[in-house]
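Survey of secondary and tertiary structure
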Amino acid sequence: MNEQLKLLIDLQRLDSAILSIRLNIDTAPAKISSQEASLKNAQRAYEDASRHHADLEKKKKNKETEIEDMSEKARKLKQRTSEIKDNKAYQAHLREIEKAEKDLSAAEDELLVLMESLEASATLMGAQKTLVEKEVAKIEAIKRENEKDIIKMGEELKKLKEERKTVSEKVDKDTYNQYINIIKTSRGIAVVEAKDEICQGCNIHIPPQLFVEIKAAEEIVNCPQCRRFLYYIKPEQAKDSP
Ligand SMILES: [Zn+2]
């Protein structure tokens, strides 16, 4: 095979690997931000549960004050009973005591219901807090993993760039410039396989005479449509090719 073509194939392999690593490095922070959305949801749920709990606490306190006032009222009413001499007034007074005690008992029932709700809301709040802690731990783990990956990818990138430098220095200046121009205009792919008489870059059918030249691989051949450099892999070599 033409030496320059071999170098171009190598250059393309390196550039594709470099591009893919750069993309992975660039998208690493996105993994965290998608996880951060779950954390925000968990935090919001915890805040809602806390707000609800505080609300119930306040209601409980109010109910307790209400009950204190009511039992004081009932106690005072009972105290006055002996002072009432008139029978009609006495009957009315008893009815008033009865009502006060009924109201007090109803308020005490309401307090019990509130206390049960408080217990349930405390359980819910605890569960939501655990969820928030789990989400925080997940993000920490992803961050640590990302940092490790980025260091590893950085080392890999350095190695590839050095390799690329060695290869690119061997490519003829004109050919190299042409390669760079195609890379820029053809989504990062300048060297492609010609397979079954078809350019794998743009899918055009390659004229038979040109395909024979590509197979011979003595000269560098460009695709008549997309201008990419074309190379041919013999079927028995396909398995070993990159
Ligand atoms: Zn093409």
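Everything quoted here is computed from the prediction, not taken from an experiment.

Moving on, we get to the domain arrangement of the chain. According to the domain assignment, the chain contains domain 1 (14-171) and domain 2 (174-237). For domain 1 and domain 2, the distance between their C-alpha centroids amounts to 61 Å. Every contact between the two is made by four residues of domain 1 and, on the other side, four residues of domain 2. Here the residues of the side of domain 1 that touches domain 2 sort into two nonpolar, one polar and one charged.

With that settled, consider the packing of helix 1 (residues 3-80) against helix 2 (residues 87-170). Each pair of packed helices can be summarised by the angle the axes make with each other and by the distance between the axes. Put simply, helix 1 and helix 2 touch, their axes get as near as 6 Å, and they point 165 degrees apart. As far as their axial angle goes, helix 2 and helix 1 are roughly antiparallel. Here helix 1 and helix 2 pass one another in a crossing that is left-handed. When its residues are assigned to classes, the contact of helix 1 with helix 2 shows 40 nonpolar, 13 polar and 27 charged.

Reading the values: rules and limits
Residues numbered from 1 in each chain as written. Predicted model: local features only at pLDDT ≥ 70, side-chain atom pairs only at ≥ 80, totals over all residues. Domains from an automatic or database assignment. Contact = placed C-beta atoms within 7 Å. Nonpolar A, V, L, I, M, F, W, Y, C, P; charged D, E, K, R; others polar. Axes fitted to C-alpha atoms, helices over the stretch in contact; angles between N-to-C directions. Helix = DSSP H or I, 4+ residues; strand = E, 2+ residues; numbered from the N terminus. Parallel < 35°, antiparallel > 145°, perpendicular 65-115°, else oblique. Left-handed = near helix turned anticlockwise from the far one by under 90°.

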